[in-house]
Amino acid sequence: MSTGPGADSAPVHKPTTDPRQGKGTFSSLRIRNYRLFFTGAIVSNTGTWMARITQDWLVLSLTGSAAAVGITTALQFLPMLLFGLYGGVIADRLPKRQLLLVSQAALGLCGLTLAVLTLTGHVQVWHVYLIAFLLGMVTVVDNPTRQSFVSELVGPRQLRNAVSLNSANFQSARLIGPAVAGVMIASIGSGWAFLINGLSFLAPIGALLLMRQSELHKVERAPRGKGQLREGLRYVAGRPDLIWPIVLVGFIGTFGFNFPIWLTAFSEGIFHVGAGAYGFLNTLMAAGSLVGALLAARRASTRLRMLVIAAGVFGALEIAAALSPSFWLFALLLVPIGMIGLTVNISANSAVQMATDPVMRGRVMSLYMMVFAGGTPIGAPLLGWVTDTFGPRVGFATGGLVSLLAAATIGLILARVGGLRLSMRWHHGHPSVRFVPDERRARLATAA
């Protein structure tokens, strides 16, 4: 948040002119430990996306219900809602590399268990529900640890670039995983996709073991003590530049990111296409997300204004996609939806990390992920029910409308906190809407 006359007058993170800072889209990859981390992650992320697509299709095949897909998603994110803040406390207290070795191994075991159940023909929907919940429990610790470990790999000067490249990594895997999963489901069955996912976690485990611990950037760990959870909450509550981006991504994550529900429902109920086309839709969205991540990696700063505008555009695009009359128009709109959605995520993530003291980063990022992903147990079943009851178009449009309204509301709040007002006027024959410094409030504050 700017300390100047307006919230958008300065970036959350100011670019440095320090010549030691690497420049370029892929500058973080010059660091050996981060290269290892990045390489291991792209392998496991590809397996994860294969498993996600296969899991959603398996549940839909077993139940025929979009609400059941929503329940599966909700169970996977429910632990984050219930225990997410405790995961942040653990991430701040314990060595992150060792924690990640344990959590990555546990995620791999969950994938292998689901593979065995599916390949032997014994899988039932409750098995999928249970494993989804166990994956969520592991993620409670894995997610804030992985997020905050990046700063130990690259240091503060490269943090924003590394966060963006992590998202590009995840989305690159999303280009490959769904397409491969669609082919495998149609040709040899779901179990093999789950097996590949389980084995893929050997890559990040190997990468963590190969890292040079002497090259990690030392970060002060929080000592054991009472009240650390409350301390983290008080820290965020007193920082408008942290709390409002977190609130915004909470609304977006809860209501706007329920794509497993909507894409399966549109594939089956609206356009009547198979698993291959479903994988194709996910790949298109991933292509847009990858572009958004790479563009974010080139930017040297993050502005809260850009975050709010991107969230509003994201909601509007979802509404447009919900109303699309043809499969190809719907598919085409998924590309900018993926790009803008990733812009929202990276802008909020990097803004929050940059503005947070290193000793508090695990707790703050656990709150961020709890709000972003932990709202899914509420949003996924609700929007799954809306989708089943009123149709996929209404369900998708509802998520977009909530995202759009959240962006508009929080944008106005940030403007007020930053001493701005909304200006609407005609400029060169076109309407111009923007935030400008509120001179009246500034005069009143000066007089007081």
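As a starting point, this report considers the structure included with it. (Residues numbered from 1 in each chain as written. Predicted model: local features only at pLDDT ≥ 70, side-chain atom pairs only at ≥ 80, totals over all residues. Heavy atoms only, no water.)

Take the overall build of the protein next. Looking only at helices and strands, one finds 17 helices and two strands in the protein. Expressed as a percentage of its 448 residues, the buried residues of the protein come to 57%. Counting contacts in the protein only where the partners sit at least 6 residues apart, residues at least 24 apart contribute 84% of the total. Counting only carbon and sulfur atoms, one obtains 66% of the accessible surface of the protein, whose full area is about 19,100 Å². (Helix = DSSP H or I, 4+ residues; strand = E, 2+ residues; numbered from the N terminus. Buried < 20%, exposed > 50% of the residue type's maximum accessible area, 1.4 Å probe, protein only. Contact = heavy atoms within 4.5 Å. Areas by Shrake-Rupley, 256 points an atom, 1.4 Å probe, with all protein chains shown as cover.)

This part takes up helix 3 (residues 96–119). Between its terminal C-alpha atoms helix 3 stretches 34 Å, which fits the 34 Å expected from 24 residues at 1.5 Å a residue. Backbone geometry just downstream of helix 3 places Gly121 in the positive-phi region, at approximately 80°. (Expected span 1.5 Å × (residues − 1).)

Turning next to a nonpolar patch on the surface. A contiguous nonpolar surface patch, about 550 Å² in accessible area, is contributed by Leu81, Leu82, Phe83, Tyr86, Met137 and Ile378. The element contributing the most residues to the nonpolar patch is helix 2 (residues 66–93), with four residues. Among the residues examined, Phe83 registers a relative accessible area of 34% and is labelled partly exposed. (Patch = residues over 30% accessible without salt bridge, like charges linked within 9 Å, V, L, I, M, F, W, Y side chains within 5 Å. Salt bridge = Lys/Arg side-chain N within 4 Å of Asp/Glu carboxyl O.)

Generally speaking, nonpolar side chains in soluble globular proteins are found buried as a group. Leu248, Phe259, Phe330, Ile337, Tyr368 and Phe396 are the most contacted members of the largest nonpolar core, which totals 86 residues. Sorting elements by how many residues they give to this core places helix 13 (residues 327–354) first, with ten residues. If near-sequence neighbours (up to four positions away) are discounted, Phe330 is found in contact with Leu263, Phe266, Phe271, Leu281, Ala321, Ser324 and Phe396. Core analysis: the second largest hydrophobic core is formed by 20 residues, Phe38, Leu100, Ile205 and Leu208 among them. (Core = buried A, V, L, I, M, F, W, Y, C linked by side-chain atoms within 4.5 Å.)

Time to look at the packing of aromatic side chains. Summed over the entire model, instances satisfying the criterion amount to 19 aromatic pairs. Ring centres of Phe266 and Phe396 lie 5.9 Å apart, and the angle between their planes is 75°; on these two criteria the pair is classed as edge-to-face. Placement of Phe266 in helix 10 (residues 259–270) and of Phe396 in helix 16 (residues 392–417) is noted, with a sequence separation of 130 residues between them. Just as Phe266 is buried, Phe396 falls in that class too. Taken together through their ring pairs, the aromatic side chains of Phe257, Phe259, Trp262, Phe266, Phe271, Phe280, Phe314, Phe327, Trp328, Phe330 and Phe396 make up a single cluster. Over the aromatic face of Trp49 sits the side chain of Arg52, whose NZ or CZ is 4.9 Å from the ring centroid. (Phe/Tyr/Trp six-rings, centres within 6.5 Å; stacked < 30°, edge-to-face > 60°. Lys NZ or Arg CZ within 6 Å of the ring centre and 35° of its normal.)

Throughout the structure, instances matching the rule amount to three cavities of 30 Å³ or more. There is about 40 Å³ of room inside the second largest cavity. Every residue along the wall of the second largest cavity is listed here: Leu85, Leu229, Gly232, Leu233, Arg363, Val364, Ser366 and Leu367. Going through the elements one at a time, helix 8 (228–237) and helix 14 (361–374) are the ones with two or more residues in the lining of the second largest cavity. Per-element accounting of the lining of the second largest cavity gives the leading share, four residues, to helix 14. Across the lining of the second largest cavity, the residue classes tally to five nonpolar, two polar and one charged. (1 Å grid on protein atoms, 1.4 Å probe; cavity = no way out; pocket = protein on both sides within 12 Å on 5 of 7 lines; lining within 4 Å. Points joined across faces, edges and corners; volume = space filled by probe spheres on them. Nonpolar A, V, L, I, M, F, W, Y, C, P; charged D, E, K, R; others polar.)

Scanning the model with the defined rule gives three salt bridges in all. Residue Glu152 is joined to Lys96 by a salt bridge in which the shortest nitrogen-to-oxygen separation is 3.4 Å. In this pair, Glu152 sits in helix 4 (residues 125–154) while Lys96 sits in helix 3, placing the two residues 56 residues apart along the sequence. The exposure classification of Glu152 matches that of Lys96, with both residues buried. Among the ionic pairs, Asp142 bridges to Arg146, the shortest N-O distance being 3.1 Å. Of this pair, Asp142 and Arg146 both sit in helix 4, four residues apart, which is roughly one turn of that helix. Arg146 sits in the partly exposed class, given a relative accessible area of 31%.

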